[in-house]
Amino acid sequence: MPENLNLLRAFGGVFFIFWTAFNTALVDVVGSEQQIPLSVVKLWASAFGGEIKSIAAKYSGSQLLQKKYKEYEKDVAIEEIDGLQLVKKLAKNMEEMFHKKSEAVRRLVEAAEDAYLKHEFDADLQYEYFNAVLINERDEEGNYLELGKEFILVPNDHFNNLPVNISLSDVQVPTNMYNKDPAIVNGVYWSESLNKVFVDNFDRDPSLIWQYFGSAKGFFRQYPGIKWEPDENGVIAFDCRNRKWYIQAATSPKDVVILVDVSGSMKGLRLTIAKQTVSSILDTLGDDDFFNIIAYNEELHYVEPCLNGTLVQADRANKEHFREHLDKLFAKGIGMLDIALNEAFNMLNEFNHTGQGSICSQAIMLITDGAVDTYDTIFAKYNWPDRKVRIFTYLIGREAAFADNLKWMACANKGFFTQISTLADVQENVMEYLHVLSRPKVIDQEHDVVWTEAYIDSTVSLHDKLADDQGLVLMTTVAMPVFSKQNETRSKGILLGVVGTDVPVKELLKTIPKYKLGIHGYAFAITNNGYILTHPELRPLYEEGKKRRKPNYSSVDLSEVEWEDRDDVLRNAMVNRKTGKFSMEVKKTVDKGKRVLVMTNDYYYTDIKGTPFSLGVALSRGHGKYFFRGNVTVEEGLHDLEHPDVSLADEWSYCNTDLHPEHRQMTQLEAIKRYLTGKEPLLQCDKELIQEVLFDAVVSAPIEAYWTSLALNKSENSDKGVEVAFLGTRTGLSRINLFVGPEQLTNQDFLTAEDKENIFNADHFPLWYRRAAEQIPGSFVYSIPFSTETANKSNVVTASTAIQLLDDRKSPVVAAVGIQMKLEFFQRKFWTASRQQTIVKKTIYLKTYNNGFILVSEDYQQTGYFFGEVEGAVMNKLLTMGSFKRITLYDYQAMCRTNKESSDSAHSLLDVSTAHLMSIFPCNHQRKLFLVEFNLCSWWHSDLTAKAQRLKQTLEPCDTEYPAFVSERTIKETTGNIACDDCFKSFVIQQIPSSNLFMVVVDNECFCDSIPPITMAPIEIRASLLNCLVHNESLKCERLKSQKIRRRPESCHGFHPEENARECGGVSGLSAKPSLVLLPLLLTIFSR
């Protein structure tokens, strides 16, 4: 018998054991079609199956636990879950939680507006405030810096253990602004009154986290106070006015056309400033806005030619696409602004009539170094007298020769004029247009509540945020605008700023009773644009050295995770805030995408009132639709909760420990005990869940004594092959027993907080629990942890089985139990069972019958490989015979390695290479395969030219497709022959009883090199590599033009008749010509 055979990792439902033996010759099939003896394989499979099940059942205590639950069968009530009622109840809970947050923000608005109303501006005001960058900083002599007084900071677990001051707020000022500017000092002074409200809000609702006021002047007041650290260049780029919560609260949705002058006079620095101005404008656009960019000289040049005559949603992907195209602009020729204005007005008018877009504010942004005319005839034709399209003009450069005309255009069309002389001026000048667009809302005094999509907070470093034991802090923000209430400024519509507070997504998850959703069930929420607020499949981070945010993490559409819904039935119903039900078959991947579970889900959905969100609940059919209630006394339950081996799911909310500071240090188990004993009457707990926890504690208690007796029996497990026994119940209760010392565990991370896949968390049940639930009752599922990190994780095997209350599909899976054993121990049991007879020149595979990953091989390097990669011919035959089925899966949140140009010179190389390919192949599937198989990335790294070496490899968001393979469960055994080049390759497959394992015996002397291996490697869905370039452009264009159904915000403040349009900007010494300013006003009067 070979000595150092290694079991291979189990990634899916199918395991393979590879074994070659050279002893007794039973059959020689080389060069023949003679079959491998099925009877021998069946004997081996039966012997090994019986032995390994006996061990798993014995050490897990599965039969004892099944018996104990059966004893309570008559005392429990099984209920079918009403999905619609459940989702409505959850939506109501979330509505109440969101309402509490918005009320806290409303109190801040009232306090800020009252404080400003009482304040009189003092240009000479001297006020020492706590500057968030300078606090606690000293000079060389040990004295505190100006604005940097002592500011007490204490680590606070509620704020991710960051050092904060929960008594005071402090103020961050962008690096490009002067700390002691009179406007900032006055704003900081009157906003000090918010400190009291911040603290009061936190006292009322201790679950609140960051509260803040973003001033229209640029400063940012944050509570609790925290120290801000500049980057390595001494810069803090954060400007609150660029944040989505600020922009959404300050303005209404808008349709924007940006006109960029690319005439010859714009060469050099002017064009660079113009491009930066466009980029800064794009920064201020959000998911509810629509835009397009047109460059003009004597002709019109759509920055994206595909989007001629229309607008696109300002989501991140579209904005980045346009930014890339901005680099291609160059200046030449003569600027014909009249042509560009006509095009912009026509486009806005036609787009508005389609019913798409914002159907609210409209604007034209003009970026130029001058205008020779006022173009009043064009404005009279398209925009007067209503002036519904605002004109914002940006004069590029230091010269002001044509400034009068540009200012007149802005003033005559309710816009704003500004001059941008340097790159440093760009951001502050771009921001001016937001104040203009906010005027109607301010005059109406409409404090619309806005909610953002999910995002990772940027007010402190991502590194600090990820120090949180939850892994990351994904949140949404509720925000409201703050207005001036002074009567003399009413018509000016002065926006003071925006207040907001963050709501961590994990707060939403706490309102969801995971135990009611079943093993595979989950809840999710989306925005009015269809973007995910929370979903267990949302992956906002990727790992490359350290965790980083994906660029597009905040705009993942529901259709990208529930991709089986090809017609967007579920997505569109939720976007339209409907209440209903939808069902479909889904393929859910687990264990890093290596395993797939095929099931039918019923989806229930409704809207969350008072927010732009909709909530959905997915329940898997079968056991996932049923729930049962048990009943024991509190005394019995408390007694059995006292055992040291008992733990509860930390991320489940049995009791709300966030409401009072003194409860925050409690574990959920401690909170339950104190609640039941009456020691903490202020604790709010889920009585129904606690009752079921007590029931599970009582029923599962005897297994502790059972495990202890096994551990004490020295004759049992003498070689310490079985290391851990564990159980979990549908209420998140866990018990663990070690048969070896903690330091002797082969897998130190198993069932710890680091092992997220194998513990109960807010999103899912443990992996071993979920997989066991899909096995035939009484059978075990065997697997090996999949990991690319440490080698020792492949040296253990996990076995688990589900415990059902009744013997039918409608029975809830009440618990799962299992063991973890050494890989070497598992391997030795196999050889003991199969060494009685040997087949010459055969390779034996033991594989799981769901997904086909290798479990054991003589060659350790094959551990964890997909079977098709090692035995492509056999896997191909199994697919042809129908023993296995290929399923195509999609990942629309993938990160792919790509080569990015570091200079324009790389363009020519790509063009030449592509042209060469097009000359070799016609536009057909053959070229598609060629491009995929040979991978242009490898080409780039060759030494073809010096230019190619200027590319650098980066990770970028991409879409991928990849195969998964599932077996036909009804097939217990299969034999076959494969005709190879000069021989026949025979094989036998035999299912191992009471397991998810197949034994496969393959002839190892007949090589089928002509049949390629079958891999599970993902393929990037990338038109530039998979299709002809011409076709690629067409596909890319269709993607840009296609707009999924979205629901626009209900509130719109695009226009107000009392608005003072004379506040329209300027440069020193510049004023609009009186006759020109009066012209549109007279037209307005005479039109009435």
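A brief structural summary. Bear in mind the structure is a predicted one, so any value in this text is a computation, not a measurement. (Residues numbered from 1 in each chain as written. Predicted model: local features only at pLDDT ≥ 70, side-chain atom pairs only at ≥ 80, totals over all residues. Heavy atoms only, no water.)

## Looking at the overall build of the protein chain
As a reminder of what qualifies: Runs of E in the DSSP output that reach at least two residues are strands. Runs of H or I that reach at least four are helices, and both are numbered from the N terminus. The cut-offs for exposure are 20% and 50% of the maximum accessible area for each residue type, with area from a 1.4 Å probe on protein chains only; residues under the lower value are buried, those over the upper are exposed, and the others partly exposed. Here the open area of atoms and residues is found with the Shrake-Rupley method and a 1.4 Å probe, where only the protein chains shown may cover a residue.
Helix and strand counts for the protein chain stand at 31 helices and 43 strands. A buried classification covers 57% of the 1088 residues belonging to the protein chain. As presented, the protein chain carries roughly 44,900 Å² of accessible surface, and 49% of it is formed by carbon and sulfur atoms.

## A few points about the sheet that holds strand β24 (residues 580-590)
Strand pairing in a sheet relies on backbone hydrogen bonds, with the paired strands running either antiparallel or parallel. Formally: For two strands to be treated as a pair, DSSP must find no fewer than two bridges joining them. Under this scheme, a helix contributes an axis fitted over its contacting stretch, all axes are lines through C-alpha atoms, and angles between N-to-C directions fall in the 0 to 180 degree range.
Taken together, the five strands give an open sheet; going across it, the order is β21-β20-β26-β25-β24, and neighbouring strands pair in antiparallel fashion. Sheet topology places β21 (532-534) and β24 at the edges, where each strand pairs with a single neighbour. For this sheet, the mean angle separating the axes of adjacent strands, direction not counted, is 35 degrees. Sheet topology note: the strand β20 (residues 522-526)/strand β26 (residues 614-620) ladder contains five bridges and is antiparallel. Residue pairing across strands places A525 opposite L615, the latter belonging to β26.

## Quick look at the packing of helix α2 (residues 62-71) against helix α20 (residues 687-700)
Two quantities define a packed helix pair, namely the angle between the helix axes and the distance between the axes. Put simply, the test is: Put simply, angles under 35 degrees are roughly parallel, angles over 145 are roughly antiparallel, angles from 65 to 115 are roughly perpendicular, and the rest are oblique. A crossing counts as left-handed when the near helix is turned anticlockwise from the far one by less than a right angle, and as right-handed when that turn is clockwise. Only heavy atoms matter for contacts: two residues are in contact if any of them lie within 4.5 Å across the pair. Throughout, the ten residues Ala, Val, Leu, Ile, Met, Phe, Trp, Tyr, Cys and Pro are labelled nonpolar, Asp, Glu, Lys and Arg are labelled charged, and all others, Gly among them, are labelled polar.
It is at 9 Å that the axes of α2 and α20 come closest, and there the two elements cross at 125 degrees. Looking at the two axes, α2 sits oblique to α20. Crossing handedness for the pair α2 and α20: right-handed. Residues L65, K68 and Y69 of α2 touch α20, and the partners they reach there are F695, D696, V699 and S700. Across the contact of α2 with α20, the residue classes tally to four nonpolar, one polar and two charged.

## What to know about the state of the cysteines
Selection criterion: In this description, a disulfide is simply a cysteine sulfur pair whose atoms lie within 2.5 Å.
Under the defined criterion, the tally for this structure stands at six disulfides. Each sulfur in the disulfide pair C980 and C1008 lies 1.5 Å from the other. Residue C980 is found in the loop between β40 (973-979) and β41 (984-991), and its partner C1008 is found in the loop between β42 (997-1003) and β43 (1019-1020); the two are separated by 28 residues along the sequence. Residue classification places C980 among the buried positions, given a relative accessible area of 12%.

## Quick look at empty space enclosed by the protein
To be explicit about the condition: Buried and open spaces are told apart on a 1 Å grid over the protein atoms alone, a cavity being a set of points where a 1.4 Å probe fits but cannot get out and a pocket being an open set with protein on both sides within 12 Å along at least five of seven lines. Residues with an atom within 4 Å of a point are the lining residues. Grid points are joined across faces, edges and corners, and a volume is the space filled by probe spheres set on the points.
Inspection of every chain in the model, using the stated rule, returns six cavities of 30 Å³ or more. Its volume calculated, the largest cavity comes out at about 110 Å³. Going through the elements one at a time, α16 (514-517) and β27 (626-629) are the ones with two or more residues in the lining of the largest cavity. Taken together, the residues of the lining of the largest cavity sort by class into eight nonpolar, three polar and two charged.

## Some words on the environment of K625
The condition is simple: As used in this structure description, the phrase polar contact means that two N or O atoms lie within 3.5 Å; if the pair is within protein, one of them must be able to donate a hydrogen and the other to accept it, and residues adjacent in sequence are counted only when both atoms belong to side chains.
Residue position: K625 is located in the loop between β26 and β27. Here K625 falls in the buried class, since its relative accessible area comes to 9%. The sequence separation of K625 and I519 amounts to 106 residues, and the corresponding C-alpha distance is 9.8 Å. What K625 contacts, discounting residues up to four positions off in sequence, is E79, E80, I81, D602, Y604, L619 and S620. Of the polar contacts made by the side chain of K625, one reaches the side chain of D602; its length is 2.9 Å.

## Structural notes on the side chain of N201
Mapped onto the fold, N201 is located in helix α5 (residues 194-204). The exposure class of N201 is buried, given its relative accessible area of 0%. In this structure, N201 is in contact with A104, R107, L108, L208 and Q211, ignoring residues within four places of it in sequence.

## Remarks on the pairing of strand β14 (residues 389-396)
Within a regular strand, the side chains alternate between the two sheet faces. Applied cut-off: Crossovers are marked right-handed if the path from the first strand over the helix to the second runs clockwise, as seen with the strands pointing away from the viewer.
Counting buried positions over the eight residues of β14 gives eight, a clear majority of the element. Here seven bridges tie strand β13 (residues 361-368) to β14, and the two strands are oriented parallel to one another. Within the sheet, the bridge partner assigned to I367 lies in β14 and is Y394. Where the polypeptide runs from β13 across helix α10 (residues 376-382) and back to β14, its parallel neighbour, the crossover connection is right-handed. Of the pairings in the sheet, the one linking β14 to strand β15 (residues 416-420) comprises five bridges and is parallel in character.

## What about unusual backbone geometry?
Along the chain, Y223 connects to P224 via a cis peptide bond; the corresponding omega equals -5 degrees. Within the secondary structure, P224 sits in the loop between β8 (220-223) and α6 (244-250). Of the consecutive residues W384 and P385, the connecting peptide bond is found in the cis state with omega at 5 degrees. Its place among the elements puts P385 in the loop between α10 and β14. Unlike most non-glycine residues, N136 shows phi in positive territory, near 65 degrees. Position of N136 relative to the elements: it lies in the loop between α3 (83-118) and β4 (154-156). A positive phi angle is found at L147, which is not glycine, with a value near 65 degrees.

## A word on the packing of aromatic side chains
As a reminder of what qualifies: Between rings of Phe, Tyr and Trp, where Trp is taken as its six-membered ring, a pair exists when centres lie within 6.5 Å; planes separated by under 30 degrees are stacked, by over 60 edge-to-face, and by other angles tilted. Whether a charge lies above a ring is judged from NZ of Lys or CZ of Arg, which has to be within 6 Å of the ring centre and within 35 degrees of the ring normal.
Enumeration according to the criterion identifies 51 aromatic pairs in this entry. Ring plane angle 55 degrees and centroid distance 6.4 Å describe the contact between Y69 and F695, whose orientation is recorded as tilted. Of this pair, Y69 sits in helix α2 while F695 sits in helix α20, and the two are 626 residues apart along the sequence. A relative accessible area of 1% means that F695 is categorised as buried. Between F866 and F965, the ring centres sit 4.7 Å apart and the planes meet at 20 degrees, which makes this aromatic pair stacked. With F866 in the loop between β37 (853-857) and α24 (867-870) and F965 in strand β39 (residues 951-967), this pair connects stretches of sequence that are 99 residues apart. Residue classification places F866 among the buried residues on the basis of a relative accessible area of 1%. Look at F965 and you get buried, because its relative accessible area is 0%. Each member of the aromatic cluster is reached from another via a ring pair, and the members are W652, Y654, F726, F750, F760, F765, W768 and Y769. Sitting over the face of the ring of Y144, R138 holds its NZ or CZ atom 4.0 Å from the ring centroid. The ring of F627 has K516 sitting right over it, with the charged end atom 5.7 Å from the ring centre.

## What to know about a nonpolar patch on the surface
Inclusion rule: Patch definition: residues with relative accessible area over 30% and no salt bridge; like charges joined within 9 Å; nonpolar side chains (Val, Leu, Ile, Met, Phe, Trp, Tyr) joined within 5 Å. One side-chain nitrogen of Lys or Arg within 4 Å of one carboxyl oxygen of Asp or Glu is enough to make a salt bridge.
Judged by side-chain polarity, I334, M336 and I339 come together as a nonpolar surface patch covering roughly 260 Å² of accessible area. Within the element layout of this structure, M336 appears in the loop between α8 (316-326) and α9 (337-353).

## Comments concerning the sheet that holds strand β33 (residues 781-783)
In spatial order, the strands read β28-β32-β31-β35-β34-β33; together these six strands make up an open sheet with antiparallel pairing. Lying at the two open borders of the sheet, with one neighbouring strand each, are β28 (646-648) and β33. Averaged over all pairs of adjacent strands, the angle between their axes in this sheet comes to 20 degrees, without regard to strand direction. Helix α21 (residues 702-712) rests against β31 (722-729) and β32 (733-738) of the sheet, and its axis sits at about 10 degrees to β32.

## Considering the nonpolar core
Definition in use: We define the nonpolar core as a collection of buried residues of types Ala, Val, Leu, Ile, Met, Phe, Trp, Tyr and Cys that are connected through side-chain atoms lying within 4.5 Å of one another.
Y69, Y782 and M821 are the most contacted members of the largest nonpolar core, which totals 196 residues. Broken down by element, the residue count for this core peaks at 15 residues, all from α3. Excluding residues within four positions of it along the chain, Y69 makes contact with F628, F695, D696, V699, T729, I803, L805, V814 and A815. Judged by nonpolar contacts, the second largest core, of 42 residues, contains L271, L282, L329 and L434.

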